[in-house]
Amino acid sequence: MYPSQAASRNSRILFGALVILAISMRQATANASLAGYQAPCTNEGEEVRINMRCFKCICKNGFVECEKESCPAVDDCYFYKKKGPDECCDKCIGCLYEGRHIDSGTEWTDPEDPCMHYKCVSGVVTRSEMKCYAPCSDPSPPRKGQCCPTCLGCRLNGQKVFGEATLSEDPCVKCTCTGHKLTCTKRSCPVLQCPLTKQIRTPGECCPRCVERREEIHRGSPMCIIGKAVHFPGKPYHGDQCSNCTCQNGTSVCEKSTCPILECALEDQQREPGECCPSCPMPAEFRSTCIADGMVYQNNETWSLNACTSCECRAGEVRCANIQCPKKKCGPNETLQTVPGECCHRVCRKPSRLYRVR
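Residues numbered from 1 in each chain as written. Predicted model: local features only at pLDDT ≥ 70, side-chain atom pairs only at ≥ 80, totals over all residues. Heavy atoms only, no water.

Draft legend 1. Broad picture of the overall build of the protein. When helices and strands are counted, the protein shows one helix and 31 strands. Taken over 358 residues, the protein has a buried fraction of 35%. Intrachain contacts of the protein at a sequence separation of at least 6 include 45% that bridge at least 24 residues. Taken as a whole, the protein presents about 21,800 Å² of accessible surface, with 51% of it coming from carbon and sulfur. (Helix = DSSP H or I, 4+ residues; strand = E, 2+ residues; numbered from the N terminus. Buried < 20%, exposed > 50% of the residue type's maximum accessible area, 1.4 Å probe, protein only. Contact = heavy atoms within 4.5 Å. Areas by Shrake-Rupley, 256 points an atom, 1.4 Å probe, with all protein chains shown as cover.)

Okay, here's the thing in structure tokens:
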């Protein structure tokens, strides 16, 4: 066979493989992986470009493997933009703030004031001042560009913090260990568009979320929607008990108060009708012991509840810290499994059968 004939034959084989691959992909609908005839490839790890939207293909072990592209989460937004004919995903509506479009879920701080925090959630920008918490007696002052002081050693209520942790009595207090220094901040929850009857707060989590979604109906309109009320530019309104809002170009911009960090247990906190923030009851006499699960602990004594939670007895109050594991996302054919006895060691495992474009 002449070289030109061999090249022509190889081209036909490659073209045939791509045609088979394209047909297989068109037959795939909601499946995260595709099945069909084998499509060989040579450049291991390289992306294989196919004329098919919403799928990403790579060369793996000599064959083309394709997976459906993952979409951003829309569970936390009330209004969303339904995907168009040339789009792969539904999306939360973003915010228009100071002349620029901001994706829902984006957080940022004021360059001139690092304690001023902003967050865009589904058409609402919430602006609030962060509060600081120092779980040590001699914190170091904030570094340049930072809001809160730091504590050396990264310990919180007896728990060694390696990444992030929260307080059991105030899950909105987030502590982060960086370079053996612990920084704890509290941010207010973002104002939500959905009515209170459509909001839910999971125990142990900081903020409520909307439990249903609606397709955006006022695209391009200058009006704003909070709960069941429609607002227009020029007149202030309340986003919730703790916020004051204005409607700007279809985006609610809300100033919200951040509640103080409380020292009492979550079940002891009280909120008066119409008040923005909860408070602690008047302290009783000083107590030198704590009782938890039938056990008596001395003041300043620490103990572990499980691999992710430890507690400390402080003046008769049980105070606990919960390690926050980083979110880990597995592929469409993988399951997330936790290693017994460890807090954050989680691995993604695939089933025994591998799906390929074949």
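On we go.
Draft legend 2. A look at the state of the cysteines. Taken as a whole and assessed by the stated rule, the structure comprises 19 disulfides. Disulfide pairing places Cys 57 opposite Cys 66 at an S-S distance of 1.9 Å. Taking the sign of the S-S torsion, about 105° here, the bridge from Cys 57 to Cys 66 comes out right-handed. (Disulfide = S-S within 2.5 Å.)

Draft legend 3. Here's a closer look at the layout of surface pockets. In this structure, the second largest pocket encloses a volume near 890 Å³. Every residue lining the second largest pocket is counted, 37 residues in all, and those nearest its centre are Cys 189, Arg 201, Pro 208, Lys 256 and Arg 271. Residues belonging to the lining of the second largest pocket are distributed by class as follows: 19 nonpolar, nine polar and nine charged. Residue assignment places the lining of the second largest pocket across two domains, with domain 2 (93-128 + 189-256) and domain 3 (132-186 + 287-330) each supplying three or more. (1 Å grid on protein atoms, 1.4 Å probe; cavity = no way out; pocket = protein on both sides within 12 Å on 5 of 7 lines; lining within 4 Å. Points joined across faces, edges and corners; volume = space filled by probe spheres on them. Nonpolar A, V, L, I, M, F, W, Y, C, P; charged D, E, K, R; others polar. Domains from an automatic or database assignment.)

Draft legend 4. Up close: the pattern of salt bridges. Across all of its chains, the model carries nine salt bridges by this definition. Lys 174 is paired through a salt bridge with Glu 164; the nearest N and O atoms lie 3.3 Å apart. Highlighted residues: Lys 174 in strand S16 (residues 173-178) and Glu 164 in strand S15 (residues 164-167), separated in sequence by 10 residues. Taking the relative accessible area as the measure of exposure, Lys 174 reaches 37% and is therefore partly exposed. Its salt-bridge partner being Glu 212, residue Lys 198 comes within 3.5 Å of it at the nearest N-O pair. Of this pair, Lys 198 sits in the loop between strand S17 (181-186) and strand S18 (199-200) while Glu 212 sits in the loop between strand S19 (209-210) and strand S20 (214-215), and the two are 14 residues apart along the sequence. A cluster of three or more residues bridged by salt bridges with shared partners is formed by Glu 107, Lys 119 and Arg 187. (Salt bridge = Lys/Arg side-chain N within 4 Å of Asp/Glu carboxyl O.)

Draft legend 5. Representation of unusual backbone geometry. The residue Ser 122 is not glycine, and still its phi comes out positive at about 50°. By the secondary structure assignment, Ser 122 is in the loop between strand S9 (113-121) and strand S10 (124-129). When its relative accessible area of 2% is taken as the criterion, Ser 122 is described as buried. Not every positive phi belongs to a glycine, and Asn 249 is a case in point at roughly 55°. Along the chain, Asn 249 turns up in the loop between strand S23 (243-248) and strand S24 (251-256). Classification of Asn 249 as exposed rests on a relative accessible area of 57%.

Draft legend 6. Inspection of the sheet that holds S23 at higher detail. Taken in spatial order, the five strands line up as S8-S9-S10-S24-S23 in an open sheet, and their pairing is mixed. Two strands in the sheet have a free side with no partner beyond their single neighbour: strand S8 (107-110) and S23. Between one strand and the next, the sheet's axes are offset by a mean angle of 25°, whatever the strand orientation. Bridge analysis of S10 against S24 gives five bridges, and the strand direction is parallel. Note on S24: the bridge partner recorded for Arg 127 is Glu 255. (Pairing = 2+ DSSP bridges. Axes fitted to C-alpha atoms, helices over the stretch in contact; angles between N-to-C directions.)

Draft legend 7. Layout of the nonpolar core. Formed by 17 residues in total, the largest nonpolar core has its most connected members in Tyr 133, Leu 156, Val 161, Val 173 and Leu 182. Taken together, the elements giving at least two residues each to this core come down to S15, S16, S17 and strand S29 (317-324). A total of three residues in this core trace back to one element, the largest contributor, which is S16. (Core = buried A, V, L, I, M, F, W, Y, C linked by side-chain atoms within 4.5 Å.)

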